[in-house]
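Inside the fold
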Amino acid sequence: MSSKETIACLFCQAANPPTNATCAACGQSLAAARTVRYLDRAEADIAKGQYNQARANLTKADVVMLDLSSEQRKSLLLTARAFYLHSLIYYHKGQTDEAKDELLLALQNLEDQPSHANLLANVLNTLGNVEYYREHLNAAFDYYQRSSEVAIKGKAHLVAAKAIANLGNISGAQGNPDASLAYYDRALVAAELGNDPLRVADIYRLIAYVYLKNGPVSKALEYVTQAVALRDQIDNQAALCRVLGDAGNVYLKCGELDQAAPYLSEAYEIAQRAEYRLMQVVTMMYLAELAHQRGDNATWLNYSVRAFNMTSSVVVWRSEAALQLVEYYVGQQDWQPAHLYLKYIEDNVRLHPTESDRIHLSHAKVLLNAALDQWDEATQSYEEAISRLDQTHDRFSAAALHQQYAAMLLRQAALTHDPTVHARARAVLEQAAAAYRQLGLTARLTDVESLLNRQQSNLLNRLKRIKHPQTALWCDTSYTN
Ligand SMILES: [Zn+2]
């Protein structure tokens with residue numbers, strides 16, 4: 001603080017010399033104004049990902065605040081805001097239990113306080129995020145709903161945009177893409193009312209994901225292009241990291257590897273620099289997938305292992321990370337580590353039985369059993385995974401799984417000369433083709449159609465030359481709004 005800087009009284013707005021303890025005009029303590037200043041700094045630190053500095057400023061705020069009565073601290077929302085900022089630090093570091101505790105304390109301190117729409121809506125929205133994170137979708141939906149109502153009523157457009165977009169995320173997770181797009185449209189209106197390019201870019205990113213999973217993917221590419229075009233106006237590192245990382249993922253999933261690479265590298269650098277552990281895991285997994293697609297096995301393994309190791313503290317993507325390693329070791333026909341990582345997924349499902357983890361478990365079993373010619377087991381896991389994917393309407397993942405399973409059936413048909421197995425393989429390939437057609441993924445569609453056009457005897461040779469479709473790992477970052 002420079003000596004020329006004045007401090008504005010929070011009670012009467014009079015400017016005071018920085019050395020004053022009480023306001024020269026009204027006699028009230030200037031501790032409130034000083035607390036707000038430290039809280040503002042902490043908030044700016046959090047936006048830059050500088051958590052240690054944010055904690056230091058929050059500690060200063062806590063000390064200065066003690067000069068005020070508890071009633072004053074509460075009515076000026078200082079206590080609630082401090083709890084909220086603490087929660088954000090935990091949340092970004094992936095410590096959701098701690099984040100939730102702080103948020104509930106913030107909520108307690110906001111009860112029966114007038115004129116607090118913005119903060120209350122933010123607290124409710126972040127509570128929704130924490131619940132979404134644990135796949136408690138109904139609880140998350142309720143928090144987002146409450147948040148959006150408070151925000152709309154208080155004309156807090158930016159928080160309204162976040163909360164409404166999050167309602168869209170839940171609709172998407174529950175397999176309702178149309179409802180999801182309708183929420184995103186409403187969220188865009190709120191973001192534009194609030195004149196916030198960061199939020200607009202973030203909503204474009206979310207819309208892109210809906211089109212990526214449901215088709216046409218050309219629209220997904222359109223929306224990420226629009227999101228990235230706003231990057232210079234995004235002053236929040238976490239938001240920028242998400243926009244770039246997800247843009248990279250959309251290009252990656254569409255097979256545009258050279259376009260994907262620079263976005264993924266940049267997102268990874270930001271995530272590392274700012275210690276966004278969640279985004280570090282996500283971007284490493286995407287970089288692993290990129291290396292896989294490029295046939296660079298050493299890099300594929302390197303990023304996969306590092307992502308997996310990091311999930312010991314960020315459990316949310318542990319199963320995805322393990323699935324990626326199952327796929328790697330199955331590709332190397334190295335069965336022992338493949339089984340080991342399958343077991344990690346099984347353990348994870350036992351501890352945190354979420355729907356997405358169950359899909360990953362079935363998917364991993366398909367890969368491993370198919371490679372070991374354990375056909376019945378593979379079929380059972382395939383059917384289980386597909387029925388779960390149908391619930392989420394994730395056409396992209398379903399198509400990849402159809403294709404992987406059909407590859408096994410074709411092998412089985414060639415080895416057993418069983419015409420019914422061959423017919424089944426063709427039927428599954430037709431399903432993959434239909435999904436790719438709806439998605440508008442022409443390169444993949446061509447692969448599958450060329451398989452369908454071959455005679456049975458030539459299929460196996462042809463199959464060997466076709467690139468393995470990667471498991472569609474999402475690491476959905478949509479809830480971090
Ligand atoms: Zn005053």
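These numbers come from a predicted model, not from an experiment.

The helix and strand tally for the protein chain stands at 23 helices and two strands. In terms of overall size, the protein chain behaves like a compact globule, its C-alpha atoms giving a radius of gyration of 26 Å where 481 residues would be expected to give roughly 23 Å. Its C-alpha atoms give the protein chain principal-axis dimensions of about 95 × 40 × 35 Å. Taking all 481 residues of the protein chain together, the buried fraction comes to 51%. Considering only intrachain contacts with a sequence separation of at least 6, the fraction spanning at least 24 residues in the protein chain is 54%.

On to the packing of helix 11 (residues 217-229) against helix 12 (residues 237-253). At a minimum axis distance of 10 Å, the contact between helix 11 and helix 12 shows a crossing angle of 155°. Classed by the angle they form, the pair helix 11 and helix 12 counts as roughly antiparallel. As for how helix 11 packs across helix 12, the hand of that crossing is left-handed. Judged by residue contacts, Ala220, Leu221, Val224, Ala227 and Val228 of helix 11 engage Val243, Asp246, Ala247 and Val250 from helix 12. Among the residues making up the contact of helix 11 with helix 12, the classes are represented as eight nonpolar, no polar and one charged.

Here we take up the packing of helix 21 (residues 419-439) against helix 22 (residues 442-452). The geometry of helix 21 relative to helix 22 is characterised by a closest axis approach of 9 Å and an angle of 155° between their N-to-C directions. Classed by the angle they form, the pair helix 21 and helix 22 counts as roughly antiparallel. When you trace helix 21 past helix 22, the crossing you get is left-handed. Judged by residue contacts, Arg426, Leu429, Ala432, Ala433, Tyr436 and Arg437 of helix 21 engage Arg444, Leu445, Val448, Glu449, Leu451 and Leu452 from helix 22. Taken together, the residues of the contact of helix 21 with helix 22 sort by class into eight nonpolar, no polar and four charged.

What follows covers helix 4 (residues 78-92). Taking 1.5 Å of rise per residue, 15 residues should cover 21 Å, and helix 4 covers 21 Å from first to last C-alpha, within 8% of that figure. Across the 15 residues that make up helix 4, a large majority, 14, are buried. Where helix 4 terminates, the next one or two residues include glycine 94, which has phi positive at roughly 85°.

Here we come to the environment of aspartate 67. On the secondary structure map, aspartate 67 appears in the loop between helix 2 (51-65) and helix 3 (70-75). A sequence separation of 38 residues divides aspartate 67 from leucine 105, and the C-alpha atoms of the two residues are 21 Å apart. Setting aside chain neighbours within four positions, we find aspartate 67 in contact with Ser29 and Ala31.

Relative to the 24 Å expected for 17 residues at 1.5 Å per residue, helix 1 (residues 31-47) spans 24 Å between its end C-alpha atoms, a close match to the ideal helical length. Check the buried side of helix 1 and you find it contacts strand 1 (7-8), helix 2, helix 3 and helix 4.

This part covers the environment of serine 87. As for its position among the elements, serine 87 is in helix 4. In sequence terms serine 87 and leucine 103 are 16 residues apart; their C-alpha atoms lie 6.0 Å from each other. Those residues in contact with serine 87, other than ones at most four positions away along the chain, are Ala99, Glu102, Leu103, Ala106 and Thr126.

Turning to the environment of tyrosine 263, a few remarks are in order. Checked against the element boundaries, tyrosine 263 lands in helix 13 (residues 257-273). Separated by 15 residues in the primary sequence, tyrosine 263 and glycine 248 place their C-alpha atoms 5.0 Å from one another. Filtering out sequence-adjacent residues up to four positions away, tyrosine 263 remains in contact with Leu244, Ala247, Gly248 and Tyr251.

Analysis parameters
- Residues numbered from 1 in each chain as written.
- Predicted model: local features only at pLDDT ≥ 70, side-chain atom pairs only at ≥ 80, totals over all residues.
- Helix = DSSP H or I, 4+ residues; strand = E, 2+ residues; numbered from the N terminus.
- Rg over C-alpha atoms; globule rule 2.2 N^0.38 Å.
- Buried ≥ 20, exposed ≤ 12 C-beta atoms within 10 Å, placed from the backbone.
- Contact = placed C-beta atoms within 7 Å.
- Axes fitted to C-alpha atoms, helices over the stretch in contact; angles between N-to-C directions.
- Parallel < 35°, antiparallel > 145°, perpendicular 65-115°, else oblique.
- Left-handed = near helix turned anticlockwise from the far one by under 90°.
- Nonpolar A, V, L, I, M, F, W, Y, C, P; charged D, E, K, R; others polar.
- Expected span 1.5 Å × (residues − 1).

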